[in-house]
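Structure assessment
Each chain, written out:
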Amino acid sequence: AHNGNLTNTSILKEKLISNGSIFQSTSDTEVILHLISTAKGSLIDRLILALKTIRGAYSLLLLGEKCLVGVRDPYGIRPLVIGKLNNSYVLSSESCGLDIIGAELVRDVGPGEIVIIDDNGINSINPFQKSILRPCLFEYIYFSRPDSILNGKTAYEYRKNYGAQLAKEDNLEADIVVPVPDS
C-alpha cells in the first residue's frame, strides 16, 4: 500500500525498463515494487535500497511472509501511525483509521523510520540521514479527518489555530467564518 507521490518516477521507470522490467500501469507504487524486486538481499535490505533511490512523499506498507513493514518518507511529508488492536499492532495513514476498527493509537512513525512488526513486536530502524521535517500542510488543513491526531493534536485544533492566526494577520471585517466543506 502506498500513499504519496514520487518526483523521480519517470527517470526510474526508464532505467528499470532498459534493464528488462515490464510495467502494467503508470503507478508510482509499481516503480517501488520493481526497485524492491530487482535489488539483492533480505526484504529490508532491498526496501532500503529502493527507498534510497526514490524521491518524494510517501508512506508505505508491505506485507512479508512473517512481518508487516511500515515506512514514512524522510521529510515526514505523509503521515503514518502505529496502533494496537488486542495483542496485535496495526498501521494506518491517519489515526481515525485506528478509531474505526477500535484500535488504540500508540505513536506516529517518525520521518524516515522503518517499522517491522512481527511475532516479537515492533523493531524500528532509521536508515536515512536526518532531514528537515516538511510535513504536507494539506494533511493539516484539508486531507485529514478533523478528528485525526497529527503530532499530538487533532486536525480540527490545527485548523482552528490557523484560522485564529489568519484573523490576527488580516484587518478584514467579517460577519461569519466557515470551514471549507469536507469533500
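Presented here is a report on the structure given in the accompanying data block. (Residues numbered from 1 in each chain as written. Predicted model: local features only at pLDDT ≥ 70, side-chain atom pairs only at ≥ 80, totals over all residues. Heavy atoms only, no water.)

Now for the packing of helix 2 (residues 28-38) against helix 3 (residues 43-51). Contact pair helix 2 / helix 3: the axes reach a minimum separation of 8 Å and the direction vectors enclose 130°. In terms of axis orientation, helix 2 runs oblique to helix 3. When you trace helix 2 past helix 3, the crossing you get is right-handed. Note on element contacts: helix 3 touches helix 2 through Leu43, Arg46, Leu47 and Ala50, opposite Ile32, Leu35 and Ile36. A class-by-class count of the residues in the contact of helix 2 with helix 3 yields six nonpolar, no polar and one charged. (Axes fitted to C-alpha atoms, helices over the stretch in contact; angles between N-to-C directions. Helix = DSSP H or I, 4+ residues; strand = E, 2+ residues; numbered from the N terminus. Parallel < 35°, antiparallel > 145°, perpendicular 65-115°, else oblique. Left-handed = near helix turned anticlockwise from the far one by under 90°. Contact = heavy atoms within 4.5 Å. Nonpolar A, V, L, I, M, F, W, Y, C, P; charged D, E, K, R; others polar.)

Right, let's get into the side chain of Arg72. Looking at where Arg72 falls in the secondary structure, it is placed in strand 3 (residues 68-72). As a buried residue without a salt bridge, Arg72 has its nearest oppositely charged side chain in Asp108, at a separation of 5.1 Å. One polar contact links the side chain of Arg72 to the main-chain carbonyl oxygen of Arg78, over a distance of 2.7 Å. Of note is the side chain of Arg72, whose polar atom sits 2.8 Å from the backbone oxygen of Val109. Contacts of Arg72, omitting those with residues within four sequence positions, involve Tyr58, Ser59, Arg78, Pro79, Leu80, Asp108, Val109, Gly110, Pro111, Gly112 and Glu113. (Buried < 20%, exposed > 50% of the residue type's maximum accessible area, 1.4 Å probe, protein only. Lys, Arg positive; Asp, Glu negative; His and termini not counted. Salt bridge = Lys/Arg side-chain N within 4 Å of Asp/Glu carboxyl O. Polar contact = N/O pair within 3.5 Å; in protein donor to acceptor, adjacent residues only side chain to side chain.)

In this section: the sheet that holds strand 8 (residues 121-125). Pairing in this open sheet of five strands is antiparallel, and the strands run 1-2-3-7-8 from one edge to the other. Lying at the two open borders of the sheet, with one neighbouring strand each, are strand 1 (2-6) and strand 8. Ignoring strand direction, the axes of neighbouring strands in this sheet form an average angle of 20°. Two strands pair when backbone bridges link them, and strand 1 and strand 2 (residues 56-63) are joined in this way by five bridges, in the antiparallel orientation. The partner of His2 across the bridge, within strand 2, is Leu60. Against the sheet, helix 2 touches strand 1 and strand 2, its axis set at about 95° to strand 1. Together, strand 2, strand 3, strand 7 (114-118) and strand 8 form the strand contacts of helix 3, whose direction differs from that of strand 3 by roughly 20°. (Pairing = 2+ DSSP bridges.)

Another point: the sheet that holds strand 4 (residues 81-85). As summarised here, the arrangement of the three strands in space is 5-4-6, forming an open sheet in which the pairing is antiparallel. Since the sheet does not close on itself, it has two edges, and those belong to strand 5 (88-92) and strand 6 (104-108), each with one partner. Across this sheet, the average inter-strand angle for adjacent strands is 30°, counted without regard to direction. Where strand 4 and strand 5 come together, five bridges link them in antiparallel fashion. Within strand 5, the position partnered with Leu85 by the bridge is Ser88.

Among the residues of helix 1 (residues 9-18), those classed as buried are Thr9, Leu12, Lys13 and Leu16. The buried residues of helix 1 occupy an angular sector of 100° when the element is viewed end-on, so they sit on one face. Exposed and oriented more than 90 degrees from the buried face of helix 1 are Ile11, Glu14, Lys15 and Ser18. Against the buried residues of helix 1 lie strand 1 and helix 2. Phi turns positive one or two residues past the end of helix 1, at Gly20, with a value near 105°. (Arc of directions from axis to C-beta.)

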